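Residues per chain are reported as follows:
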Amino acid sequence: MLGPVLLAAARSDSIRRVVSAAPVTRPVVDRYVAGERLDQCLESVRSLAGHGMEVTLDHLGEDITDRSEALRNRDAYLALADSLAGEGLGPRAEMSVKLSAFGQALPGGDDLAYANVLPVVEAAAAAGTTVTLDMEDHTTVDSTLAILAKLRERFPQTGAVVQSYLFRTEDDCHALAGEGSRVRLVKGAYKEPAEVAFQDKREVDRAYVRCLKILMAGDGYPMIGSHDPRMVAIGQELARRFGRKPDEYEFQMLYGIRAAEQERLVAEGHRMRVYIPYGTDWYGYFMRRLAERPANLAFFLRSLATR
Ligand code: FDA
C-alpha cells in the first residue's frame, strides 16, 4: 500500500519542499545518490572501475517546467561528456538521460527534447561512449521511442529502456530486439493505472521473464536491469541457452543497491554496469527508491525519530 502513496508524493511539490529541507534526509539520500557535484560522481566512477564495473551516469533532473531548465540540463550532460573524454573514461562510462529533463512535456516537446538531447548524444560519441534514454511514465513511451528511432538513424548504439509492467512491452521488445540495438529491461518504477500496466508483482515478474527471453533470443544487446536474484539467475540461464558470450549482454543495478551482488557477478565474469545518479535534483529519484522497498522508508523514519 505504501508504494503508491510514495510514488504520488514523488510528484508533489509541497512534500518535495518538506523532505528536501529535513536535515535527516541527507544520509539516506547519500545511500542512493553519488553526490551533488560532478567531481563526487567521478570519484564513484573511479572507485567502481577499480572493482571491475562499468557505469551509466545520470545527472538528476526530470519534469521541468520551462525551456531554460532544459538547456541547463543539456549543458550539465555536455560538461559530463567533456569530463569523461578528458579522463579517458568514455569506454567504461555511458550516460542515462530522462527526456522530461530535456523538455519532452513542454509545448512542442518532442522536437524540443530531440533538439536538446542530440548534442548530448553527439558529445557522447565524441567521448567514445553512448547514451541510454531512461523510460518514464507510460504517457511518454511513444514519444521516447520515436526520439530513440530518430537518434538511432545517426547513432545506432543509443540505448532504450523498456518496463515489463506495461502490457505493451512484449511488443516493444520484439520491435527493439534487432541487430545493433541496446535495450535495458526493467520492471518499471512509476505509478501506472490498471488499464496499461500489471498491478500484481508476480505478473510483472512473469512479464519480465517473457520480455527477457525475447531480447536474449534477438540480435541486439540486452541489458538486464534488476536487483531481483530470480531475474539475475534467469538472465544467466538464458544467456547460456542462447549461447551469448559475456560481452553480448550485461547486468545493471542501481548505485547503493545490492553492492555485494554486483561484485559477485563481476567475479563470476559477467559485465556489470552500475547506474550512478548525481546532482541536486534528487527528490523524484529518491522517492521512487523508497517506494520500491518499504524497509527503506522505515530506515528513513527511524532516523527522523532518533534525532
Ligand atoms: P524488485 O523490486 O522485485 O527487488 C528485488 C530485490 O532488490 C529486493 O528484494 C531488494 O533486495 C532489492 N531492491 C530493489 N529495490 C531496492 C531499493 N530501492 N532499495 C534497496 N533494495 C532494493 N525504472 C523505470 O521505470 N525507468 C527506467 O529508466 C529505469 N532505469 C533503471 C536502471 C537500472 C540500472 C535499474 C537497476 C533499474 C532501473 N529502473 C528504471 C527501476 C526499475 O524499474 C525497478 O523499479 C527497480 O529496479 C526495482 O526492481 P527490481 O527488478 O530490482 O526488483
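Residues numbered from 1 in each chain as written. Predicted model: local features only at pLDDT ≥ 70, side-chain atom pairs only at ≥ 80, totals over all residues.

A. Looking closely at the overall build of the protein. The helix and strand inventory of the protein stands at 13 helices and eight strands. For 307 residues, the compact-globule formula gives about 19 Å, and the C-alpha radius of gyration of the protein, at 18 Å, lands near that figure. Viewed in the frame of its principal axes, the protein has a C-alpha envelope of about 55 × 45 × 40 Å. Counting every position in the protein, which comprises 307 residues, the buried fraction comes to 43%. Pairs at least 24 apart in sequence give 72% of the contacts found in the protein among residues at least 6 apart. (Helix = DSSP H or I, 4+ residues; strand = E, 2+ residues; numbered from the N terminus. Rg over C-alpha atoms; globule rule 2.2 N^0.38 Å. Buried ≥ 20, exposed ≤ 12 C-beta atoms within 10 Å, placed from the backbone. Contact = placed C-beta atoms within 7 Å.)

B. Examining the site of the ligand more closely. The immediate surroundings of the ligand are formed by 25 residues, with Asp134, Val186, Ser226, His227 and Gln252 found nearest. Of all the elements in the fold, those that place two or more residues in the shell around the ligand are β4 (159-163), β5 (182-186), β7 (250-254) and α12 (283-292). (Near = placed C-beta within 6 Å.)

C. Broad picture of the sheet that holds strand β3 (residues 131-133). Strand order in the closed barrel formed by eight strands is β1-β2-β3-β4-β5-β6-β7-β8, and the pairing between neighbours is parallel. When the angles between neighbouring strand axes are averaged without regard to direction, this sheet yields 30 degrees. When β5 meets strand β6 (residues 221-225), the two strands line up parallel, connected through four bridges. The residue bridging Arg184 from the neighbouring strand is Met223, located in β6. Helix α8 (residues 169-176) contacts β4 and β5 of the sheet and is inclined by roughly 155 degrees relative to β4. (Pairing = 2+ DSSP bridges. Axes fitted to C-alpha atoms, helices over the stretch in contact; angles between N-to-C directions.)

D. Structural context of α8. Three or more residues of α8 are buried, namely Thr169, Cys173 and Leu176. Mapping the buried residues of α8 onto a view down its axis gives an arc of 75 degrees, with all of them on the same face. Summarising the contacts, the buried residues of α8 are in contact with β4, β5 and α9 (201-217). (Arc of directions from axis to C-beta.)

E. View of unusual backbone geometry. One non-glycine residue with positive phi stands out, namely Asp63, at about 50 degrees. For Asp63, the location among the structural elements is in the loop between β1 (54-59) and α5 (67-86). One non-glycine residue, Arg258, lies in the positive phi region at around 55 degrees. By secondary structure assignment, the location of Arg258 is in the loop between β7 and α11 (259-267). You can call Arg258 partly exposed: it has 16 C-beta atoms within 10 Å.

F. Molecular detail of the UniProt feature "binding site: FAD" (unreviewed entry) in the protein. In the UniProt entry, the feature "binding site: FAD" (unreviewed entry) is given for Met135, Gln163, Lys187, Gly188, Ala189, Lys201, Ser226 and His227. If you trace the backbone, Gln163 turns up in strand β4. Using a count of 27 C-beta atoms within 10 Å as the deciding quantity, one classes Gln163 as buried. Residues within four places of Gln163 in sequence aside, it is in contact with Met135, Thr169, Val186, Lys187 and Gly188. The class for Ser226 is buried, based on 23 C-beta atoms found within 10 Å. Excluding its chain neighbours within four sequence positions, the residues that come into contact with Ser226 are Val186, Lys187, Met231 and Val232. (UniProt positions renumbered as here; feature names shortened; annotations may be inferred.)

G. Representation of the UniProt feature "binding site: substrate" (unreviewed entry) in the protein in the model. In the UniProt entry, the feature "binding site: substrate" (unreviewed entry) is given for Lys98, Arg288 and Arg289. Here Arg288 is in contact with Leu7, Ala10 and Ala189, once residues within four sequence places are set aside. Structurally, the position occupied by Arg289 is in helix α12. The buried category is assigned to Arg289, around which 24 C-beta atoms lie within 10 Å.

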